[in-house]
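Architecture and fold: a report
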Amino acid sequence: MNYTWYELGFFFFVYSFLGWCLEVCYRAFRTGKFVNRGLLGGPVCPAYGVGACLVLLALEPLGGSNIPAQLIGCVIIANIVEFFSGRLVERLSGRVMPDFRRTRLSLQGLAGFLYTCIWGGLAVLGLYFVQPFAFLLCQLIPSLLLRILVVCALVLLGLDTISMCYVLHLSKRERPLVKDVTEKLHAASHTLGTRIYHILRRHLYHAFPELENAKPAEGEGFGRPKGRIFAHGLCLHKVLWVFVLCALFGDWIETIYVFAVSGVLMSRSSVLYGTFSIVWGCGAALLTVMLAPLAEKPAPYTFVGGFFLGGFYEYMCSVFTELVFGTVFWDYSDMPLNIGGRTNVLFMFFWGLLSVVWIKKVYPRLSGLIEKIPPVAGTVLTWIIVALMAADMLISGAAMLRYTARRDGTATQSAYGAFMDQQYPDALIEWTWPNMLYPQ
């Protein structure tokens, strides 16, 4: 994608701000209080913005089908940005910054290698899950307003940087205008950061009331709940983890089965990023919620419930994909005892058997494993997983709709359509969903 300088400036500030928010959240969990990360007074971490722009310029043109190359490139870019940002800070401040000295050559040692891979992974997540929404937001802003916003943000960043240099060099020549602007930036970032901190704390205290009056030790952040089991019983967190894990393992099982039967390694994923089958995940979550009360009853009760519930679920999934995306992912019209070609009695029988195995054998063991996750970490991971899965499904749905429009010969009239065409070409869509059919 050929971005203008103003669009790159917009992305620079978006990712600098998101990076700052990420740092604030991380330090809040580590220390239990608000810490304004970075040397600048404003709510930005420019290293994130620089790294994001380099990733967009160097790696985004590869498209969404070159994930390994993009991951390696993101790791390299993250390490380069970390190295030069550390050197720049040392030059500007005239002193050695311990954090940068420890991490700027972060490929040395296992810990440094893991640190670099984490930042590379975050860059990949930004490229796949954040950039489509950032680009859409950029396109919604009128061109003139976008230029004004970018120029004003650059001026404020320049004044903030000048003030930082004055402070670090203990200069007495600080200009009143610079001092006034930077004080307001400090106040704004402190207000915003404190608000983010209080939102995190409120959600954690709501989930773990015992932490509110706790006095955590140094390094424990908000504290560690004692005697608390994560996702105990049948609750929303448990169902969400069942959905994600079964979507993952269900895709693997289906892929192995297809390969064993046909000798073809075929994608069975429902989304563009990750091997997740939404049909398996939603089916497992539905069976768990509806049939868990039958766990103590004899197996025939569970079988009958799974027989009708599975058949209804498979039928409605087929109707949904055809109505929303205009596609059909399976057609059983040539099989005996089929119901509208969307399901059949034989598969409903398999649904019943699967329900018995799931409710009686698999789910109790999986539930026990989920409950072994540390409570606070499990809660935070649940928020992150839900956000990533929601973004993945939205992007996948938009790419599928754009593919359908291209197939029908509809040319794009917008920059966002061109962005979708470049990032998610026909070859990628057809590889991800090889069984996607269009009813005549």
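See the structure shown above.
Values in this document were obtained by computation on a predicted structure and should not be read as measured data.

Here we come to the pattern of salt bridges. On inspection of all chains with the given rule, the structure shows 5 salt bridges. The salt bridge involving Asp421 is made with Arg402; its shortest N-O contact spans 2.8 Å. Remark: Arg402 occurs in helix 12 (residues 375–407) and Asp421 occurs in helix 13 (residues 415–423); sequence separation between them is 19 residues. Residue Asp426 pairs with Arg406 through a salt bridge whose shortest N-O separation is 2.7 Å. With Asp426 in helix 14 (residues 426–432) and Arg406 in helix 12, this pair connects stretches of sequence that are 20 residues apart. For Asp426, a relative accessible area of 33% corresponds to the partly exposed category. Bridged by salt links that share partners, the residues Arg402, Arg406, Asp421 and Asp426 form one connected network.

Formed by 36 residues in total, the largest nonpolar core has its most connected members in Tyr3, Phe10, Phe11, Leu272, Tyr273, Tyr424 and Ile429. Elements with a contribution of two residues or more to this core: helix 1 (5–31), helix 2 (46–58), helix 3 (67–93), helix 5 (110–140), helix 6 (143–168), helix 12, helix 13 and helix 14. For this core, the leading source of residues is helix 5, giving 7 residues. Counting 20 residues, the second largest nonpolar core, distinct from the first, contains Leu294, Trp351, Ile359 and Ile370.

Checked against the element boundaries, Met290 lands in helix 9 (residues 278–291). The spatial distance from the C-alpha of Met290 to the C-alpha of Thr302 is 9.9 Å, given a sequence separation of 12 residues.

Glancing now at the state of the cysteines. Here a disulfide denotes a covalent bond joining the sulfur atom of one cysteine to the sulfur atom of another. In this structure the tally under the stated criterion is 0 disulfides. Free cysteine Cys282: the closest other cysteine sulfur is in Cys317, separated by 6.8 Å.

What follows concerns helix 8 (residues 236–262). What sets the pattern is the α-helix's 3.6 residues per turn: residues three or four places apart point alike. Helix length check: helix 8, at 27 residues, gives a terminal C-alpha distance of 38 Å against a target of 39 Å (1.5 Å per residue), a fit within 8%. Phi turns positive, to about 75°, at Gly263, one or two residues after helix 8.

Assignment of secondary structure puts Phe34 in the loop between helix 1 and helix 2. Judged by its relative accessible area of 17%, Phe34 is buried. Between the C-alpha atoms of Phe34 and Arg195, which are 161 residues apart in sequence, the distance is 9.1 Å. In this view, Phe34 contacts Trp20, Val24, Ser189, His190, Gly193, Thr194 and Tyr197; residues no more than four positions away in its chain are not counted.

The rules we used
- Residues numbered from 1 in each chain as written.
- Predicted model: local features only at pLDDT ≥ 70, side-chain atom pairs only at ≥ 80, totals over all residues.
- Heavy atoms only, no water.
- Salt bridge = Lys/Arg side-chain N within 4 Å of Asp/Glu carboxyl O.
- Helix = DSSP H or I, 4+ residues; strand = E, 2+ residues; numbered from the N terminus.
- Buried < 20%, exposed > 50% of the residue type's maximum accessible area, 1.4 Å probe, protein only.
- Core = buried A, V, L, I, M, F, W, Y, C linked by side-chain atoms within 4.5 Å.
- Disulfide = S-S within 2.5 Å.
- Expected span 1.5 Å × (residues − 1).
- Contact = heavy atoms within 4.5 Å.

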